[in-house]
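# Structure assessment
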Amino acid sequence: MELRAVKGMNDILPDEAARWQRLEQAFREHVARYGYDEVRTPILEHTALFSRQIGETTDVVEKEMYSFARHGDELTVRPEGTAGAARAYVEHKTHTKEPVSRWYYLGPMFRGERPAKGRYRQFYQAGCELYGDAGPLADAEMIEMILSLLSTGLGIGNIEVRLNSLGASGTRARYRDALVAYFTPMKDKLSEDSQRRLEKNPLRILDSKDPRDREASKGAPSILELLDEADAAHFAGVRRHLDALDVRYVVDPTLVRGLDYYTRTLFEFVTTTGDLGAQSTVVGGGRYDNMVEGLGGPSVPAIGFAMGIERLLTLMPGEASRERPAIYVAPLSDACTSRALVLGRDLRARGVRVEVDGRGGRLKAMLRRADSLGAKLCVILGDGELERGIVSVKELAAHKQDEVPLADAADVLAARARAEVSPPPGEAR
Ligand code: HAM
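The paragraphs below set out a description of the structure included in this document. Being a predicted model, the structure only gives us computed values, none of them experimental. (Residues numbered from 1 in each chain as written. Predicted model: local features only at pLDDT ≥ 70, side-chain atom pairs only at ≥ 80, totals over all residues. Heavy atoms only, no water.)

Looking at the ligand, there are 27 residues lining it, with E80, T82, E113, E129 and Y262 nearest. At a separation of 2.8 Å, a nitrogen atom of the ligand approaches a polar side-chain atom of T82. Separating a nitrogen atom of the ligand from a backbone N or O atom of F305 is a distance of 3.2 Å. Contributing elements (two or more residues each) for the shell around the ligand: strand 6 (122-131), strand 10 (281-287) and strand 11 (302-308). Per-element tally for the shell around the ligand: the top contributor is strand 10, with six residues. Classifying every residue of the shell around the ligand by side-chain character gives 11 nonpolar, nine polar and seven charged. (Near = heavy atom within 4 Å. Polar contact = N/O pair within 3.5 Å; in protein donor to acceptor, adjacent residues only side chain to side chain. Helix = DSSP H or I, 4+ residues; strand = E, 2+ residues; numbered from the N terminus. Nonpolar A, V, L, I, M, F, W, Y, C, P; charged D, E, K, R; others polar.)

Below you can see the structure in the form of structure tokens.
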């Protein structure tokens, strides 16, 4: 049987990887300006971390986690980055070292969802988590940071920001009761999953993709009417700051998101182009002020987001491409290969991208390869050249050829590789 990649898990080949690097680089540079530093946490964590923090009755925990037992531990391949980062924050007593921490991460996450365009079983997220600031300024600044990254940093337009507030724990409990009262009379019309969740976690019904649940949710009570004074003031503060920053958003009282840890501000960034079909949410995040304490740490508020890299790449302009070697070295005989290797090494030491042809064989095939790679110069080293102490240099685009003394070939060619306009043949720099 032919072995193939696991369903829902993709190879990213070099042409495409260049676009990944561009996105990752833009993300790193952008969030660094807002004070974020990278954190790297393990891909495997104890299963209990996710089931407790994300919530036992969420789709992620109930259906999607890759979990297994090994050496007496129950382990899960991380489905998201927030719980692991918070675990690390608590484990390393980070709050004793600094009052506010800003962390970012990039990496693969794993969820056994049904694969579709923009929905994979191994997918990549870039995310940020901010600990220690409860105020609405942090929320607004984070939303503005994401929006400017998408628009200016990545060139992605047609994005809508959806905003909601779930309130703190007290509000959520009251909302839960209101939802139970609303859905119970129509229990028979809900999906089987939602009927089961009605008592335990009725918020999840609002997040369900089942058409029966969507229909039933239409007249559901709005959480925004249940916010207490402090929650309402916080939400008003977020909106006021967003207005000051000229960030447009849509308040969506039905937005609940698929993870249980959120408190107060919730947001999603959705593309309105239709390119991603049902997978139109490119960024999701919100406040989770109780997680650090829930993990045994002090009471430290937190807010964060993660963006789906594959989804953003679908929307990001720019061709797939690869870096080209500036110089292709073509040794024409066995006697020349060692000298070619040395020249390659010396050019690289001068910062030039070089490929040395080790296949042997005919010049024609080597020139064809140099051309197809898009190299600027092809350096030919045959027995004749070696005898005369020179190399022949072909300017591939201009179809011109000249010679350079072997003794200073590395310096001369490195300068020519970097130069915008090549010198006329025969005139070495
Ligand atoms: P999430 O909404 O589950 O949030 O995921 C965030 C983003 O990851 C989604 O908006 C989507 O772009 C991408 N994503 C999720 N699942 C898949 C998939 N199966 N295939 C491709 N892309 C996917 C979180 O994960 C939270 N940890 C975000 C957060 C950070 N909240 C606070 N801090």
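So that's the structure; there's more coming.
Next up on the list: the packing of aromatic side chains. A complete count under the given rule lists nine aromatic pairs for this structure. What links up through ring pairs into an aromatic cluster is the set Y89, W103 and Y131. (Phe/Tyr/Trp six-rings, centres within 6.5 Å; stacked < 30°, edge-to-face > 60°.)

So, on to the pairing of strand 11. For strand 11, the tally of buried residues reaches seven of seven residues, placing the bulk of the element in the interior. Alternating residues of strand 11 divide into A302, G304, A306 and G308 and I303, F305 and M307, and every residue in both groups is buried. (Buried < 20%, exposed > 50% of the residue type's maximum accessible area, 1.4 Å probe, protein only.)

For the pair helix 5 (residues 136-153) and helix 10 (residues 229-244), the least separation of the axes is 8 Å and the interaxial angle reads 40 degrees. Judged on the interaxial angle alone, helix 10 and helix 5 are oblique. As helix 5 packs across helix 10, the resulting crossing turns out to be right-handed. Contact residues: P136, L137, D139, A140 and I143 in helix 5; H234, G237, V238, H241 and L242 in helix 10. For the contact of helix 5 with helix 10, the residue count by class is six nonpolar, three polar and one charged. (Axes fitted to C-alpha atoms, helices over the stretch in contact; angles between N-to-C directions. Parallel < 35°, antiparallel > 145°, perpendicular 65-115°, else oblique. Left-handed = near helix turned anticlockwise from the far one by under 90°. Contact = heavy atoms within 4.5 Å.)

To continue, consider the environment of A230. Inspection of the secondary structure assignment puts A230 in helix 10. Each C-alpha atom of the pair A230 and A168 lies 8.9 Å from the other, and the pair is 62 residues apart in sequence.

With that settled, the discussion passes to the sheet that holds strand 6. One open sheet accounts for eight strands, arranged 1-5-6-11-10-9-7-8; its pairing is mixed. Each of the sheet's edge strands pairs with one partner strand only, and the pair in question is strand 1 (37-38) and strand 8 (250-251). Sitting on the sheet, helix 10 touches strand 7 (159-165), strand 8, strand 9 (265-271) and strand 10, and the angle it makes with strand 7 is about 155 degrees. (Pairing = 2+ DSSP bridges.)

Now for the environment of G107. Secondary-structure assignment places G107 in strand 5 (residues 101-110). What makes G107 buried here is its relative accessible area of 8%. Not counting chain neighbours up to four residues away, the residues in contact with G107 comprise R78, F123, Y124 and Q125.

For the rest of this paragraph, the subject is the sheet that holds strand 15 (residues 390-395). Taken in spatial order, the five strands line up as 13-12-14-15-16 in an open sheet, and their pairing is mixed. At either end of the open sheet lies a strand with only one pairing partner, and these are strand 13 (354-356) and strand 16 (400-405). Neighbour-to-neighbour, the strand axes of this sheet turn through a mean angle of 25 degrees, independent of strand direction. Set on the sheet, helix 13 (residues 334-349) makes contact with strand 12 (327-331), strand 13 and strand 14 (377-381); between it and strand 13 the angle comes to about 170 degrees. Its contacts with the sheet put helix 16 (residues 409-418) on strand 12, strand 14, strand 15 and strand 16, and the angle it makes with strand 16 is roughly 145 degrees.

Another point: helix 1 (residues 14-32). With 19 residues, helix 1 extends 26 Å from end C-alpha to end C-alpha; this agrees with the ideal 27 Å at 1.5 Å per step. Restricting attention to buried positions, one finds in helix 1 the residues A18, R19, W20, L23, A26, F27, H30 and V31. (Expected span 1.5 Å × (residues − 1).)

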